[in-house]
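Structural overview
One-letter residues, chain by chain:
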Amino acid sequence: MVKKPKDPEQMRSEMGKLIEALELPELNKQFLRARWLEQVIWMDEKAWESVRWSRRSSGWCWPNQRPNLRSPRSTCLPRKASS
């Protein structure tokens with residue numbers, strides 16, 4: 001099962017700590033933060049969007065949801081609580 005991506009700010013702080021730990025000149029660290037880190041966060045968000053889009057169009061729902069069979073498009077509804 002694919003996990004939801006982390007918050008971009010959380011990813012930025014975690015990766016920022018890793019960049020700080022590298023033995024590189026400060027200028028190189030700034031380049032990493034400015035270019036590479038932003039690209040990684042952008043790619044992570046786009047990958048998650050494509051997963052959601054793909055699953056929406058295939059009728060796939062999360063385990064806590066059920067398919068909405070009355071809708072012409074594949075959508076998911078919250079699963080009813082069993083009593």
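Structure: above.
Since we're looking at a predicted model, the values are computed, not measured.

A tally of regular secondary structure across the protein gives two helices and two strands. For the protein, with 83 residues in total, the buried portion stands at 12%. Considering only intrachain contacts with a sequence separation of at least 6, the fraction spanning at least 24 residues in the protein is 30%. Approximately 6900 Å² of the protein is accessible, and the part contributed by carbon and sulfur atoms is 57%.

Now for the pattern of salt bridges. As enumerated under the stated definition, the model contains five salt bridges in all. Across the pair Arg-33 and Glu-26 runs a salt bridge, and its minimum N-O distance is 3.6 Å. You can call Arg-33 partly exposed: its relative accessible area is 24%. A single salt-bridge network, built from bridges that share partners, covers Glu-9, Arg-12 and Glu-38.

Attention now moves to helix H1 (residues 8–21). Here H1 contains 14 residues, and its C-alpha end-to-end distance of 20 Å stays within 8% of the 20 Å for a straight helix at 1.5 Å per residue. Buried residues of H1: Met-11, Gly-16 and Ile-19, and no others. Angularly, the buried residues of H1 cover 130 degrees about the axis, an arc narrow enough to put them on a single face. Seen from the open side of H1, the exposed residues pointing more than 90 degrees away from its buried face are Lys-17, Leu-18 and Ala-21.

Relative to the elements of secondary structure, Lys-29 occurs in helix H2 (residues 26–58). Non-local contacts of Lys-29, meaning those with residues more than four positions away in its chain, are made with Ile-19, Glu-20, Leu-22 and Leu-24.

Listed in full, the five residues of the largest apolar core are Met-11, Ile-19, Leu-37, Val-40 and Ile-41. At the level of secondary structure, the elements contributing two or more residues to this core comprise H1 and H2. Broken down by element, the residue count for this core peaks at three residues, all from H2. Dropping the residues within four chain positions of it, Ile-19 is found in contact with Lys-29, Leu-32, Arg-33, Trp-36 and Leu-37.

Turning to its location among the elements, Trp-36 is positioned in helix H2. With a relative accessible area of 38%, Trp-36 lands in the partly exposed category. When residues no more than four places from it in sequence are discounted, the contact partners of Trp-36 are Met-15, Ile-19 and Phe-31.

The rules we used
Residues numbered from 1 in each chain as written. Predicted model: local features only at pLDDT ≥ 70, side-chain atom pairs only at ≥ 80, totals over all residues. Heavy atoms only, no water. Helix = DSSP H or I, 4+ residues; strand = E, 2+ residues; numbered from the N terminus. Buried < 20%, exposed > 50% of the residue type's maximum accessible area, 1.4 Å probe, protein only. Contact = heavy atoms within 4.5 Å. Areas by Shrake-Rupley, 256 points an atom, 1.4 Å probe, with all protein chains shown as cover. Salt bridge = Lys/Arg side-chain N within 4 Å of Asp/Glu carboxyl O. Expected span 1.5 Å × (residues − 1). Arc of directions from axis to C-beta. Core = buried A, V, L, I, M, F, W, Y, C linked by side-chain atoms within 4.5 Å.

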